[in-house]
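Below, each chain spelled out in residue letters.
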Amino acid sequence: MQPFSIPVQITLQGSRRRQGRTAFYSGRKVNPEQNGGDLLDVHRKWPSSAGEDRALLLGFAMMGFSVLMFFLLGTIILKPFMLSTQREESNCTIVHTQIMDDCMTCAFTCGVDCRGQGQYPCLQVFVNLTHSGQKVLLHYNEEAVQINPKCFYTPKCHRNRKDLLNSALDIKEFFDHKNGTPFSCFYSPDRQSDNVILIKKYDQMVIFHCLFWPSLTLLGGALIVGMVRLTQYLSLLCEKYTSAHRDEVGGKVNYMEQHQLKLLNMGRSKGKSREILK
């Protein structure tokens, strides 16, 4: 019975050796550079989730919207403000008001192919400028000076001349009641004060809001994108550190298993040689 026991023991030892090698190779550290660069490509990618993607989309949308706001507000408000005459505040008192006999002609539209001409009365308001003591013509705003420098304002043109006259009379009555009462007005210090305005269309607060809110939106979008990118970068570093630590621990364990396997094989080979000698 002894000759049959030796092959059985050899077969068992060979199977155990194969199992030990399989366990060793399965737990062996894999070099990413020898794997076609696949693992390196995976680690180089930014880890992201659905929430982070939405946050990035929101941040870029806010930045794009702020740029659009800068463009629109700069074209509509900032550019006319920069090109307009700089005016300073002063006090004005009413001298007299009058409606000119000659009416001004204006054009209006009543449909797609319908156009007509109307006439509106020209209201003139003369005030005494406290800053210089001059008698000057008062206008409603900067646009009124550019459209018609002879009149206080230019009403919306339409066909009914009576309504235009009634509105001019109401404004004239309002200024007549303020006769002798000073009120704020704006004049141009760079040129002769031949005209002043009652209301500034673009003041400093309007310019502040035009610059503040787009800048705040741009800063908020940039912060969102920066925070998401920082979170992804820290997550990538944590993943690399965890993977390196896991590989280091696995290498130590595999080395111990390999050492134990060598000792076991040496013991078995000694036992085998003893049995053969017997």
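Residues numbered from 1 in each chain as written. Predicted model: local features only at pLDDT ≥ 70, side-chain atom pairs only at ≥ 80, totals over all residues. Heavy atoms only, no water.

- Per an unreviewed UniProt entry, the protein chain goes by the name Calcium-activated potassium channel subunit beta and belongs to Galemys pyrenaicus.
- UniProt lists a comment for the protein chain under the heading Sequence similarities (unreviewed entry), and it reads "Belongs to the KCNMB (TC 8.A.14.1) family."
- According to UniProt, the comment filed for the protein chain under the heading Function (unreviewed entry) is "Regulatory subunit of the calcium activated potassium KCNMA1 (maxiK) channel. Modulates the calcium sensitivity and gating kinetics of KCNMA1, thereby contributing to KCNMA1 channel diversity." (UniProt positions renumbered as here; feature names shortened; annotations may be inferred.)

## Details of the overall build of the protein chain
Item 1. Across its full length, the protein chain carries six helices and seven strands.
Item 2. Along the chain direction, N to C, the helices and strands of the protein chain fall in the order α-α-α-β-β-β-β-β-α-α-β-β-α.
Item 3. Every one of the 278 residues in the protein chain was classed for burial, and the buried ones make up 26%.
Item 4. The contacts of the protein chain with a sequence gap of at least 6 include a subset with a gap of at least 24, amounting to 75%.
Item 5. Just so you have it, the protein chain exposes about 19,500 Å², and 59% of that area is on carbon and sulfur atoms. (Helix = DSSP H or I, 4+ residues; strand = E, 2+ residues; numbered from the N terminus. Buried < 20%, exposed > 50% of the residue type's maximum accessible area, 1.4 Å probe, protein only. Contact = heavy atoms within 4.5 Å. Areas by Shrake-Rupley, 256 points an atom, 1.4 Å probe, with all protein chains shown as cover.)

## Notes on the UniProt feature "transmembrane region" (unreviewed entry) in the protein chain
Item 1. Feature annotation in UniProt places "transmembrane region" (unreviewed entry) on residues 55–78 and 206–228, given in this structure's numbering.
Item 2. Split by type, residues 55–78 is 100% helix and 0% strand. Its first and last C-alpha atoms lie 32 Å apart.

## Structural notes on the state of the cysteines
Item 1. What the rule picks out here adds up to two disulfides.
Item 2. Between the sulfur of Cys92 and that of Cys185 lies a disulfide, 1.8 Å long from S to S. Because the torsion about its S-S bond is 75°, the bridge between Cys92 and Cys185 counts as right-handed. In this pair, Cys92 is assigned in strand β1 (residues 88–99) and Cys185 in strand β6 (residues 183–187), connecting sequence segments 93 residues apart. The residues Cys92 and Cys185 share a single accessibility class, namely buried.
Item 3. The residue that forms a disulfide with Cys122 is Cys151, at a sulfur-sulfur distance of 1.8 Å. In this structure, the disulfide formed by Cys122 and Cys151 twists by about -120° around the S-S bond and is classed as left-handed. Here Cys122 is found in the loop between β3 (115–120) and β4 (123–129), whereas its partner Cys151 is found in the loop between α4 (142–147) and α5 (161–177), with 29 residues between them in sequence. A single burial state applies to Cys122 and to Cys151, both of which are buried.
Item 4. Not part of a disulfide, Cys103 finds its nearest cysteine sulfur in Cys122, a span of 9.2 Å.
Item 5. Take Cys103: its relative accessible area is 22%, and that puts it in the partly exposed class. (Disulfide = S-S within 2.5 Å.)

## Describing the pattern of salt bridges
Item 1. According to the stated counting rule, one finds one salt bridge in the structure shown.
Item 2. Across the pair Asp176 and Lys172 runs a salt bridge, and its minimum N-O distance is 3.3 Å. Here Asp176 and its partner Lys172 are both found in helix α5, four residues apart, which amounts to about one turn of the helix.
Item 3. Accessibility expressed as a relative area gives 37% for Asp176, which makes it partly exposed. (Salt bridge = Lys/Arg side-chain N within 4 Å of Asp/Glu carboxyl O.)

## Overview of the environment of Arg87
Item 1. With respect to the helices, strands and loops of the structure, Arg87 is situated in the loop between α3 (50–83) and β1.
Item 2. Put simply, Arg87 and Ser188 are 101 residues apart on the chain and 4.4 Å apart in space, counted from C-alpha to C-alpha.
Item 3. Apart from residues no more than four positions distant in its own chain, Arg87 is found in contact with Phe186, Tyr187, Ser188, Pro189, Asn195, Val196, Ile197 and Lys200.

## Some words on the packing of aromatic side chains
Item 1. On inspection of all chains with the given rule, the structure shows seven aromatic pairs.
Item 2. Plain terms: the ring middles of Phe152 and Phe175 are 5.2 Å apart, the flat faces sit at 75° to each other, and that makes the pair edge-to-face. A residue pair is termed long-range when its members are at least 10 positions apart, and Phe152 in the loop between α4 and α5 and Phe175 in helix α5 qualify at 23 residues.
Item 3. Given the relative accessible area of 3%, Phe152 is considered buried. (Phe/Tyr/Trp six-rings, centres within 6.5 Å; stacked < 30°, edge-to-face > 60°.)

## Some words on the pairing of β1
Item 1. Pairing between β1 and β6: five bridges, direction antiparallel. Within β6, the residue paired with Glu88 across the bridge is Tyr187.
Item 2. Note that β1 and β4 share seven bridges and pair antiparallel. Residue pairing in the sheet places Thr93 in a bridge with Asn128 of β4. (Pairing = 2+ DSSP bridges.)

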